[in-house]
Amino acid sequence: MNRSILTLDEFTIQQLKRFPSATGELSGLLRDIGLAAKRVNVEVNKAGLVDILGDTGRMNVQGEEVKKLDVYANGHFTDVLQRGISCAGVGSEEMDDFIAFDDEISRQSKYVCLIDPLDGSSNIDVNISIGTIFGVYRRVSERGTAATQADFLQQGRSQIAAGYIIYGSSTMLVYATRRGVNGFTLDPSIGEFCLSHPDIKCPAQGTIYSVNHGNFFEFETGVRKYIDQCQQKDQQEGGPYSQRYSGSMVADMHRNLLKGGIFMYPGTAGKPGGKLRLLYECNPFAFILEIAGGAATDGKQSILDIQPTTLHQRTPFFAGSREMMDALGDCMLCAP
Ligand code: AHG
Ligand code: MN
Ligand code: MN
Ligand code: MN
């Protein structure tokens, strides 16, 4: 192994050394997330050979069938965060309410986390890439007390860090802080995430658009106009574009982040709020995109400026390359 390649631990400690005022709690939290990711990765890679596929027979607060891997991943991420020293509590797609860790060390901790422990659950049983999404906030409640709802209902712009794990052809952990976006690939030979994609920037323009066309006729006019534009791009206009949509937000967003592109989950006549959850799907990706030079909106405002009111609220979501987002905005502005 090339000695110059930093592991996640070495990278977070290197960042810590650059800022002597840092306490190391965020570095510790990121390492904890890396540990949980490695544990989930083992089961994801064996899925089909162990009893981890299929449904639990339960519905979650979202009204979705809960998969065994949803529960397994939720357990590992909440356990590792509770056992660490950096996190005072967790809000999760798979838990009706947030949990405030009630031990003394956790009550003193600086941060809270919001997680989508397993994103793309519908793809688990058919071996398409899935992921985990997380956002980290400095708590607003007093240290030494239990975390409160206000700690979890902060605007996305307040995130200290946000990231995701993609369990794909390789397993990657990508996270952003205000200092940049960095990607780490799991090296199974040493069991460590290693820096493979330093300082990720989202190309300003791309030729990929990602949307569930099945809902096309329910989208508002401006969105349909933009999708028509994407379909009609010829070579003179930098086209042709490709439509790529996997049903796993993490996989589609990761590809578009690296290659350039736009991902859309608009509201529909039946579901004006769309499907994706603000706190643990949209805010983390909006933070990552804005740090990487892209953009993320609900069609009107930056996702990061939305003031949350409930843990599982949904929002229309448009995110990706800045120039493609500008073109979408033009279509939505000039729509009747
Ligand atoms: P989750 O598996 O965490 O519930 O999230 C699924 C989300 C997201 O990953 C994906 O982009 C979207 O659902 C797909 O929704 P549709 O099947 O309605 O297109
Ligand atoms: Mn789900
Ligand atoms: Mn999800
Ligand atoms: Mn999920």
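Residues numbered from 1 in each chain as written. Chains lettered and ligands numbered in written order. Predicted model: local features only at pLDDT ≥ 70, side-chain atom pairs only at ≥ 80, totals over all residues. Heavy atoms only, no water.

Engineer: So, the UniProt feature "domain: Fructose-1-6-bisphosphatase class 1 C-terminal" (unreviewed entry) in the protein chain: which residues are in play, and what are the values?
Structural biologist: Feature annotation in UniProt places "domain: Fructose-1-6-bisphosphatase class 1 C-terminal" (unreviewed entry) on residues 203–331, given in this structure's numbering. Secondary structure across residues 203–331 divides into 36% helix and 12% strand, with the first and last C-alpha atoms of the span separated by 21 Å. (UniProt positions renumbered as here; feature names shortened; annotations may be inferred. Helix = DSSP H or I, 4+ residues; strand = E, 2+ residues; numbered from the N terminus.)

Engineer: How would you sum up the coordination of the manganese ion (ligand 4)? Please name residues and give values.
Structural biologist: Six octahedral donors around a metal ideally sit at 90 or 180 degrees from one another, while four tetrahedral donors ideally sit at 109.5 degrees. In the first shell of the manganese ion (ligand 4), the protein supplies Glu93 (OE), Asp116 (OD) and Leu118 (O), at 2.0 to 2.3 Å from the metal. Counting the intervening residues between successive donors of the manganese ion (ligand 4) yields the motif E-x22-D-x1-L. The two metals, the manganese ion (ligand 4) and the manganese ion (ligand 2), are separated by 3.6 Å and share Glu93 as a common coordinating residue. Taken together, the residues Glu93 in the loop between β3 (87–92) and β4 (99–100) and Leu118 in strand β5 (residues 111–119) connect sequence positions 25 residues apart. Judged by its relative accessible area of 3%, Glu93 is buried. Its relative accessible area of 1% is what places Leu118 among the buried residues. (Donors = N, O, S within 2.8 Å, 3.2 Å for Na, K, Ca; no water. Buried < 20%, exposed > 50% of the residue type's maximum accessible area, 1.4 Å probe, protein only.)

Engineer: For the sheet that holds strand β11 (residues 208–210), give the residues involved together with the corresponding values.
Structural biologist: Read across the open sheet, the five strands follow the order β12-β11-β13-β15-β14; overall the sheet is mixed. The sheet terminates laterally at β12 (242–243) and β14 (295–297), the two strands that pair on one side only. (Pairing = 2+ DSSP bridges.)

Engineer: So, the coordination of the manganese ion (ligand 2): which residues are in play, and what are the values?
Structural biologist: Distances from the manganese ion (ligand 2) to its protein donors, Glu64 (OE) and Glu93 (OE), fall at 2.0 to 2.1 Å. Between the manganese ion (ligand 2) and the manganese ion (ligand 3), a separation of 5.3 Å is found. Taken as a pair, Glu64 in the loop between β1 (55–59) and β2 (65–67) and Glu93 in the loop between β3 and β4 lie far apart in primary sequence, 29 residues in all.

Engineer: Now, about the UniProt feature "binding site: Mg(2+) 2" (unreviewed entry) in the protein chain: what can you tell me, with residues and values included?
Structural biologist: Mapped onto this structure's residue numbering, the UniProt feature "binding site: Mg(2+) 2" (unreviewed entry) falls at Asp116, Asp119 and Glu281. For this annotated set, covering 166 residues, all C-alpha atoms fall within 8.5 Å of each other, a compact arrangement in space. Relative to the helices and strands, Asp119 is located in strand β5. Relative accessible area serves as the criterion here: at 5%, Asp119 is assigned to the buried category. Discounting chain neighbours no more than four positions away, the residues touching Asp119 are Ile130, Gly131, Thr132, Ile133, Ser248, Met249, Val250 and Glu281. (Contact = heavy atoms within 4.5 Å.)

Engineer: I'd like a rundown of the state of the cysteines, residues and numbers included.
Structural biologist: A full pass over the atoms with the stated rule returns zero disulfides. Cys113 supplies the cysteine sulfur nearest to Cys87, a cysteine that is in no disulfide, at a spacing of 4.1 Å. Residue classification places Cys87 among the buried positions, given a relative accessible area of 1%. For the unlinked cysteine Cys282, the closest cysteine sulfur is that of Cys202, found at 16 Å. (Disulfide = S-S within 2.5 Å.)

Engineer: Requested: an account of the site of ligand 1, with residues and values cited.
Structural biologist: Near ligand 1 you find 18 residues, and of these Asp119, Gly120, Ser121, Tyr245 and Tyr265 are the closest. Separating an oxygen atom of ligand 1 from a backbone N or O atom of Leu118 is a distance of 3.3 Å. Between ligand 1 and Lys275, the relevant distance is 2.9 Å, taken from an oxygen atom to a side-chain nitrogen or oxygen of the residue. Bound to the protein, ligand 1 loses 86% of the 470 Å² it would expose on its own. Listing elements by their share of the shell around ligand 1, those giving two or more residues are β5 and β13 (262–265). Per element, the largest residue contribution to the shell around ligand 1 is three residues, and it comes from β5. Split into classes, the residues belonging to the shell around ligand 1 amount to six nonpolar, five polar and seven charged. (Near = heavy atom within 4 Å. Polar contact = N/O pair within 3.5 Å; in protein donor to acceptor, adjacent residues only side chain to side chain. Areas by Shrake-Rupley, 256 points an atom, 1.4 Å probe, with all protein chains shown as cover. Nonpolar A, V, L, I, M, F, W, Y, C, P; charged D, E, K, R; others polar.)

Engineer: Tell me what's going on with the sheet that holds β5, and back it up with residues and numbers.
Structural biologist: Backbone-to-backbone hydrogen bonds join strands into a sheet, with any given pair of strands oriented parallel or antiparallel. A sheet is described by the order of its strands in space; here eight strands give the open sequence β4-β3-β5-β6-β7-β8-β9-β10, paired in mixed fashion. Of all the strands in the sheet, the pair left with one neighbour each is β4 and β10 (192–197). Alignment of β5 against strand β6 (residues 130–138), held across seven bridges, turns out to be antiparallel. In the strand pairing of β6, Cys113 is matched with Val136. Here helix α3 (residues 68–83) sits on the sheet and contacts β3, β4, β5, β6 and β7 (159–167); the angle it forms with β5, its principal contact strand, is near 160 degrees. (Axes fitted to C-alpha atoms, helices over the stretch in contact; angles between N-to-C directions.)

Engineer: Give me the environment of Ile165: which residues, what numbers.
Structural biologist: Structurally, the position occupied by Ile165 is in strand β7. A sequence separation of 18 residues divides Ile165 from Gly183, and the C-alpha atoms of the two residues are 9.5 Å apart. For Ile165, the contacting residues outside a window of four places in its chain are Ile33, Ala37, Phe77, Ile130, Gly131, Thr132, Phe134, Thr171, Met172, Leu173 and Val250.

Engineer: Account for the side chain of Asn41, with residues named and values stated.
Structural biologist: By the secondary structure assignment, Asn41 is in helix α2 (residues 25–46). Looking at Asn41, its side chain comes within polar contact range of the side chain of Thr171, at 2.5 Å. When sequence neighbours within four positions are dropped, the list of residues in contact with Asn41 reads Tyr167, Thr171 and Leu186.

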